[in-house]
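The residues making up each chain are set out below.
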Amino acid sequence: MTGQKKQTSNDQLLASHEEICAVRYESIEKRLDDGQQRFIRIEAQIWGLYALMIGSTILGQAIGG
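Residues numbered from 1 in each chain as written. Predicted model: local features only at pLDDT ≥ 70, side-chain atom pairs only at ≥ 80, totals over all residues. Heavy atoms only, no water.

1. Notes on the overall build of the protein
Thinking step 1. A count of helical and extended segments in the protein gives one helix and zero strands.
Thinking step 2. Here the C-alpha atoms of the protein give a radius of gyration of 28 Å, more than 25% beyond the 11 Å that 2.2 N^0.38 yields for 65 residues.
Thinking step 3. If you line up the protein on its principal axes, its C-alpha atoms span 95 × 10 × 10 Å.
Thinking step 4. Out of the 65 residues in the protein, the part that is buried amounts to 3%. (Helix = DSSP H or I, 4+ residues; strand = E, 2+ residues; numbered from the N terminus. Rg over C-alpha atoms; globule rule 2.2 N^0.38 Å. Buried < 20%, exposed > 50% of the residue type's maximum accessible area, 1.4 Å probe, protein only.)

Next comes the structure, spelled out in structure tokens:
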């Protein structure tokens, strides 16, 4: 294989690798964004649970004592 053909082959392999990596990184970014939305929703649920616990404790003290 001549130097020019080897260089062209390497360029094609590198271009193919870059395309595959771009698809993979796009998939990773999508999964991270989906996970971020899930964590935001879970955090909101936790804060709501805190409010419910504090509110029920205060209400229980007001009713019972």
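What follows picks up the thread again.
2. Quick word on the pattern of salt bridges
It is possible for side chains of opposite charge to pair when their charged atoms get near one another.
Thinking step 1. Under the defined criterion, the tally for this structure stands at one salt bridge.
Thinking step 2. Where Lys-30 meets Asp-34, a salt bridge forms, and the shortest distance between an N and an O atom there is 3.1 Å. Of this pair, Lys-30 and Asp-34 both sit in helix α1 (residues 3-64), four residues apart, roughly one helical turn.
Thinking step 3. Note on Asp-34: relative accessible area 39%, which makes it partly exposed. (Salt bridge = Lys/Arg side-chain N within 4 Å of Asp/Glu carboxyl O.)

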